[in-house]
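Residues per chain, in single letters:
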Amino acid sequence: MSAVRLPILLLAMASLLLALGGGLARLGLPLGPLPAGAVLLHGPLLLVGFLGTLIGLERAVGLGRPWGYAAPVLAGASALGAALVGDT
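Keep in mind that this is a model prediction, so the values were computed, not measured.

S.K.: Which parts of the structure should I look at to understand the nonpolar core?
M.R.: Nonpolar side chains in soluble globular proteins tend to be buried together. Core analysis: the biggest nonpolar cluster contains eight residues, these being Leu11, Leu18, Ala19, Ala38, Leu45, Ala79, Leu80 and Ala83. If near-sequence neighbours (up to four positions away) are discounted, leucine 11 is found in contact with Val73, Gly76, Ala77 and Leu80.

S.K.: How should helix α1 (residues 5-26) be read in this particular structure?
M.R.: Each α-helix turn comprises 3.6 residues. Residues three or four places apart therefore point the same way. In this model, α1 (22 residues) spans 32 Å end to end at C-alpha, consistent with the 32 Å of a helix rising 1.5 Å per residue. Those residues of α1 not exposed but buried are Ile8, Leu11, Ala12, Ser15, Leu18, Ala19, Gly21, Gly22 and Gly23. The inward-facing, buried residues of α1 abut α2 (36-40), α3 (42-63) and α4 (70-85). Of the residues flanking the end of α1, it is glycine 28, one or two places downstream, whose phi is positive at about 95 degrees.

S.K.: Quick question: what am I supposed to make of the packing of α1 against α4 here?
M.R.: The axes of two packed helices give the description: the angle between them and the distance between them. One can describe the packing of α1 onto α4 by two numbers: an axis separation of 9 Å at closest approach and a directional angle of 35 degrees. As for how α1 packs across α4, the hand of that crossing is left-handed. Here Ile8, Leu11, Ala14, Ser15 and Leu18 of α1 come into contact with α4, specifically with Pro72, Val73, Gly76, Ala77, Ala79, Leu80 and Ala83. Looking at the contact of α1 with α4, its residues break down into ten nonpolar, two polar and no charged.

S.K.: Teacher, can you tell me more about the side chain of threonine 53 here?
M.R.: By the secondary structure assignment, threonine 53 is in helix α3. Not counting chain neighbours up to four residues away, the residues in contact with threonine 53 comprise Ile8, Ala12, Val48, Pro72, Ala75 and Gly76.

S.K.: Hey, could you run me through the side chain of serine 15 in this one?
M.R.: One can find serine 15 in helix α1. Taking relative accessible area as the criterion, serine 15 reaches 0% and is therefore assigned buried. If we ignore the near neighbours within four places in the chain, the residues touching serine 15 are Leu45, Gly49, Phe50, Gly76, Ala79 and Leu80.

Basis of the calculations
Residues numbered from 1 in each chain as written. Predicted model: local features only at pLDDT ≥ 70, side-chain atom pairs only at ≥ 80, totals over all residues. Heavy atoms only, no water. Core = buried A, V, L, I, M, F, W, Y, C linked by side-chain atoms within 4.5 Å. Buried < 20%, exposed > 50% of the residue type's maximum accessible area, 1.4 Å probe, protein only. Contact = heavy atoms within 4.5 Å. Helix = DSSP H or I, 4+ residues; strand = E, 2+ residues; numbered from the N terminus. Expected span 1.5 Å × (residues − 1). Axes fitted to C-alpha atoms, helices over the stretch in contact; angles between N-to-C directions. Left-handed = near helix turned anticlockwise from the far one by under 90°. Nonpolar A, V, L, I, M, F, W, Y, C, P; charged D, E, K, R; others polar.

Here's what the structure looks like:
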């Protein structure tokens, strides 16, 4: 695995874990302290944060150009930023 791909994959995994924790908290099964944004934005975290980053990474690898990695990095960073900022 390329050294560029691993941090992007970690962004996707962090979004997935925050989204799952937020969904469980909405069901009344909190696993621990979560940012308020993770609870409120669990749907967008799954779609944009996890799937958008993962599918974008897949497309960037297929493209084979360095600039292709910009979209998955920005998708993952924006999802984590939205979750960590709090209730917006």
